[in-house]
Amino acid sequence: MRVGLAGFGPAGSFFHAPLIAATPGLRLAAVVTRDPARAERVRADHPGADVVPAADDLWDRCDLVVIATPNRTHVPLATEALKAGLPVVVDKPLAGAAAEARDLVRLARDRGLMLTVFQNRRWDGDFLTLRRLLPELGEVHRFESRFERWRPVPKGGWRESGGPEEIGGTLYDLGSHLVDQALRLFGPVSHVYAESDVRRAGIRNDDDAFVALTHRNGTRSHLWMSAVAADLGPRFRVLGSRASYVKWGLDPQEEALRAGERPDAADFGPGRSSGAGTTGWGAESSERWGTLGAGGEARPVPTEPGAYQRFYEGVVACLRDGAPPPVEPDDAAETIAVLEAAALSAARGEVVALPDREE
C-alpha cells in the first residue's frame, strides 16, 4: 500500500517514516514538505518517495494518508483526506476539542474508512510490562506516571511560542500519552483536576502541568508532564493492594529512532547493543528494569521489549484483513475529552466532572 506522509518534522522523520519503511505491506510513496533541507533528507533516506508541496498532492498518489503536521492542522487535513476516500493515521493529539474529534470519528465511520491515532506509547516496554503485572499488584489505588524533561532554555517553534491556538504545550503533547495510558489501564474517568503553568520566559504554551484523574473504578491517576524538571521522578510508581511497581527512565525506542535505527534492521537482533544500552529492538538492559514488591522488599522485573512497529503492522491488518485499528478512534476522542477537561480545570482552578460515556 502506498503511504502519503504529510509533514517531515520530528514526528514525521523520526517516527512515522522509519516505521512505515520497516513495515511489510507499506511503501512510503510521497512526503509533503516545503522545507528544502527536509526535502533533501527525504530524498536521501527514502529515495523512492516523491516530495510534494501540499497535502492535496497526496490524494492521487497514495492508498493511506499519515498526518504528522502541526496539531492545529490535524482535523482539517484528516477531514480532507477522508472526504477524498482515503484511510487516515493522525499523529496525537487527534484534535483540540472533543467535539471536533467525535465529528471526525463520525465522518470516518459514515464513509467506511479507517481512522486511527498514533499513540505509540501503548507499545513502550515499561507500559507493556505494567499491563502484564497488574494482576500481581492487586487493586491499584494510585497510578503515578511522568514524562519529565530538563529544558530550561526553550527550543522555540510552534509548540512553545505559537499560543493556545496551536494546541501545543505539554498538556496536549506529553499529556496525550499519559492520559491515553491511564485510560487503557483503569478505564473511564469521572473527575479531572489539573494545574498548568508557563514557567519559562519567551513562550506562550504551558511547559509544566499536573493532572489528577479519578477513574470510575476508584483508581486515582496522578500524571506529571514538564519541560522544567531539574530532578526527574520515576516514570511509573504504581501502588496496589498487594504490591507496587516502580520504574525509572524512558523506553529506549525513541532514542534508537532518533539515532537512525529501525526495528527491521538485519543487524538489530539479539546480542546487538545500541547507544541506549539495549540488546535487540526495544529491549532494556537489566540495570534499567523496574521493581515489584511491598514493604521494602522488591525484586527486579525484566522489561518487556518495546514494539512501536506493532502500530503500523496493525494498520496493515486493519486495511487488508478487516482487523480493528491499532488505536480505536473513539479511544482517542475520549483522551481529548479528558485533556479538554484538564485545560478547563487548570483555567478555573476547580475539579471538572465528566459525563458517563453512555450519556
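In the block above lies the structure referred to throughout.
These notes cover the structure that comes with them. Everything numeric here is computed off the predicted structure, so don't read it as measured data.

About the thresholds
- Residues numbered from 1 in each chain as written.
- Predicted model: local features only at pLDDT ≥ 70, side-chain atom pairs only at ≥ 80, totals over all residues.
- Heavy atoms only, no water.
- Axes fitted to C-alpha atoms, helices over the stretch in contact; angles between N-to-C directions.
- Helix = DSSP H or I, 4+ residues; strand = E, 2+ residues; numbered from the N terminus.
- Parallel < 35°, antiparallel > 145°, perpendicular 65-115°, else oblique.
- Left-handed = near helix turned anticlockwise from the far one by under 90°.
- Contact = heavy atoms within 4.5 Å.
- Nonpolar A, V, L, I, M, F, W, Y, C, P; charged D, E, K, R; others polar.
- 1 Å grid on protein atoms, 1.4 Å probe; cavity = no way out; pocket = protein on both sides within 12 Å on 5 of 7 lines; lining within 4 Å.
- Points joined across faces, edges and corners; volume = space filled by probe spheres on them.
- Phe/Tyr/Trp six-rings, centres within 6.5 Å; stacked < 30°, edge-to-face > 60°.
- Buried < 20%, exposed > 50% of the residue type's maximum accessible area, 1.4 Å probe, protein only.
- Pairing = 2+ DSSP bridges.
- Right-handed = clockwise from strand over helix to strand, strands pointing away.
- Salt bridge = Lys/Arg side-chain N within 4 Å of Asp/Glu carboxyl O.

## Here we look at the packing of helix α7 (residues 169-186) against helix α10 (residues 329-348)
- It is at 9 Å that the axes of α7 and α10 come closest, and there the two elements cross at 120°. Taken together, the axes of α7 and α10 are oblique relative to one another. Viewed along their axes, α7 and α10 form a crossing whose handedness is right-handed. When α7 is examined against α10, the residues Leu-171, Tyr-172, Gly-175, Ser-176, Val-179, Asp-180, Leu-183 and Arg-184 are found in contact with a partner set consisting of Asp-331, Glu-334, Thr-335, Ile-336, Val-338, Leu-339, Glu-340, Ala-342 and Ala-343.
- For the contact of α7 with α10, the per-class residue count stands at 9 nonpolar, 3 polar and 5 charged.

## Examining the layout of surface pockets
- Its boundaries defined by the atoms lining it, the largest pocket holds a volume of some 1200 Å³.
- Gly-9, Pro-10, Ala-11, Trp-158 and Arg-159 are, among the 49 residues lining the largest pocket, the residues nearest its centre.
- Counting only elements with at least two residues in the lining of the largest pocket, the list comes to α1 (10-21), α3 (74-83), α6 (158-161), α7 and α8 (253-258).
- In terms of residue count, α7 provides more of the lining of the largest pocket than any other element does, 5 residues in total.
- By residue class, the composition of the lining of the largest pocket is 18 nonpolar, 14 polar and 17 charged.

## Overview of the packing of aromatic side chains
- By the definition in use, this model includes 8 aromatic pairs.
- Ring geometry for Phe-143 against Phe-236: centres 5.7 Å apart, planes inclined by 35°, an arrangement best described as tilted. One end of the pair, Phe-143, is in strand β7 (residues 140-148); the other, Phe-236, is in strand β11 (residues 236-240), and 93 residues separate them in sequence. Like Phe-236, Phe-143 is buried.

## Looking at the pairing of strand β4 (residues 64-67)
- Of the two faces of β4, the one lined by Leu-64 and Val-66 and the one lined by Val-65 and Ile-67 are each fully buried.
- One ladder, built from 4 bridges, connects strand β1 (residues 2-6) with β4; its direction is parallel. Note that in β4 the partner of Leu-5 across the bridge is Val-66.
- Pairing of β4 with strand β5 (residues 88-91), which is carried by 3 bridges, proceeds in the parallel orientation. Paired with Val-65 across the strands is Val-88, a residue of β5.
- Following the backbone out of β4, through α3 and into the adjacent parallel β5, one traces a crossover that is right-handed.

## Some remarks on the side chain of His-46
- Mapped onto the secondary structure, His-46 falls in the loop between α2 (36-45) and β3 (50-52).
- Judged by relative accessible area, which is 10%, His-46 ranks as buried.
- Those residues within four positions of His-46 in sequence are excluded, and the remaining contacts are Phe-8, Ala-17, Pro-18, Ala-21, Leu-28 and Arg-41.

## Points about the environment of Glu-80
- By the secondary structure assignment, Glu-80 is in helix α3.
- A C-alpha to C-alpha distance of 9.2 Å links Glu-80 and Trp-59, two positions 21 residues apart in sequence.

## Observations regarding the pattern of salt bridges
- According to the stated counting rule, one finds 30 salt bridges in the structure shown.
- Between Arg-132 and Glu-304 there is a salt bridge whose closest N-O contact spans 2.6 Å. Taken together, the residues span a long stretch of sequence, with Arg-132 in helix α5 (residues 125-137) and Glu-304 in the loop between β14 (297-301) and α9 (309-321) at a distance of 172 residues.
- Its relative accessible area of 39% is what places Arg-132 among the partly exposed residues.

## What about empty space enclosed by the protein?
- The final tally for this structure, using the stated rule, is 1 cavity of 30 Å³ or more.
- When its volume is computed, the largest cavity comes out at roughly 30 Å³.
- Lys-92, Pro-93, Leu-94, Gln-119, Ser-176, Ala-332, Thr-335 and Ile-336 are the residues that line the largest cavity.
- Split into classes, the residues belonging to the lining of the largest cavity amount to 4 nonpolar, 3 polar and 1 charged.

## Let's talk about the packing of α3 against helix α4 (residues 98-111)
- Here α3 crosses α4 at 10°, and the two axes come no closer than 10 Å. The pairing of α3 with α4 is recorded here as roughly parallel in orientation. Two secondary-structure elements touch here, α3 through Val-75, Ala-78, Thr-79, Leu-82 and Lys-83 and α4 through Glu-100, Leu-104, Leu-107, Ala-108 and Arg-111.
- For the contact of α3 with α4, the per-class residue count stands at 6 nonpolar, 1 polar and 3 charged.

## Considerations on the sheet that holds β1
- If you walk across this open sheet you meet the 6 strands as β3-β2-β1-β4-β5-β6, and the pairing is parallel. Only two strands of the sheet have a single neighbouring strand rather than two, namely β3 and β6 (115-118). Strand-to-strand twist across the sheet, computed as the mean angle between neighbouring axes with direction ignored, equals 25°.

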